[in-house]
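# Examining the three-dimensional arrangement
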Amino acid sequence: MLTVSQVLLTVHDHDEALAFYRDLLGFAVTQDVSYEGMRWVTVTPPDQPSLHVVLETPQSWPDASPADREAGAELLAKGLMSRLILTTDDVDALFDRLSAAGAEVQSEPVDQAYGVRDFGVRDPSGNQLRFNQPLTARS
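In this report, we go over the structure that sits alongside the text. From a predicted model like this one, the values you see are computed outputs, not experimental measurements. (Residues numbered from 1 in each chain as written. Predicted model: local features only at pLDDT ≥ 70, side-chain atom pairs only at ≥ 80, totals over all residues. Heavy atoms only, no water.)

Before going further, it helps to spend a moment on a negative patch on the surface. Negative charge collects at one region of the surface, where D47, D89, D90 and D96 lie side by side. The topology assignment puts D90 in the loop between strand 5 (83-87) and helix 3 (91-100). (Patch = residues over 30% accessible without salt bridge, like charges linked within 9 Å, V, L, I, M, F, W, Y side chains within 5 Å. Areas by Shrake-Rupley, 256 points an atom, 1.4 Å probe, with all protein chains shown as cover. Salt bridge = Lys/Arg side-chain N within 4 Å of Asp/Glu carboxyl O. Lys, Arg positive; Asp, Glu negative; His and termini not counted. Charge placed at Lys NZ, Arg CZ, Asp CG, Glu CD. Helix = DSSP H or I, 4+ residues; strand = E, 2+ residues; numbered from the N terminus.)

Okay, structure coming up:
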């Protein structure tokens, strides 16, 4: 057996990221631990508790040089660091909720040729998130 247990998502501020992922998207915080001057924060999607999303800052990369950490922070600021695609059972309702909450919308819901209806937003760190719903699942 082989499964994905953790994915790493680079953020510039843990607390801002928690306000988005926990408070807006409903992810559960599974770990928030200080360790050797760093902070280890993991969240899980509400309907997929076995998948842990590690929220990490470029400053917490243990083997990176100061120059690499700075380069990572610059890429993050441009929105070029991480992407996450999530599936929902009601893409339009989720879009309405996120846009009403002030999420930075990249694209509104649209039916895609590859079989999903999706939209895109950025998290507070600039990470690109896409939310999709299979077209066959829509009523």
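On to the pairing of strand 6 (residues 104-111), then. It is a general feature of regular strands that their side chains alternate between the two faces of the sheet. With five bridges connecting them, strand 6 and strand 7 (residues 116-122) associate as antiparallel partners. Bridging across to strand 7, S107 finds its partner in G120. The hairpin formed by strand 6 and strand 7 contains four residues between the paired strands, and G115 there has a positive phi angle of roughly 95 degrees. (Pairing = 2+ DSSP bridges.)

All right, on to the packing of aromatic side chains then. Enumeration over the complete set of coordinates arrives at four aromatic pairs. One aromatic cluster is present, formed by F20, Y21 and F27 through successive ring pairs. (Phe/Tyr/Trp six-rings, centres within 6.5 Å; stacked < 30°, edge-to-face > 60°.)

Turning next to helix 3. The complete set of buried residues in helix 3 reads V91, L94, F95 and L98. All buried residues of helix 3 fall inside an arc of 100 degrees around its axis, so they share one side. Tucked inside the fold, the buried residues of helix 3 contact helix 1 (14-24), strand 6, strand 7 and strand 8 (128-134). After helix 3 finishes, the residue G102 shows a positive phi value of roughly 95 degrees. (Buried < 20%, exposed > 50% of the residue type's maximum accessible area, 1.4 Å probe, protein only. Arc of directions from axis to C-beta. Contact = heavy atoms within 4.5 Å.)

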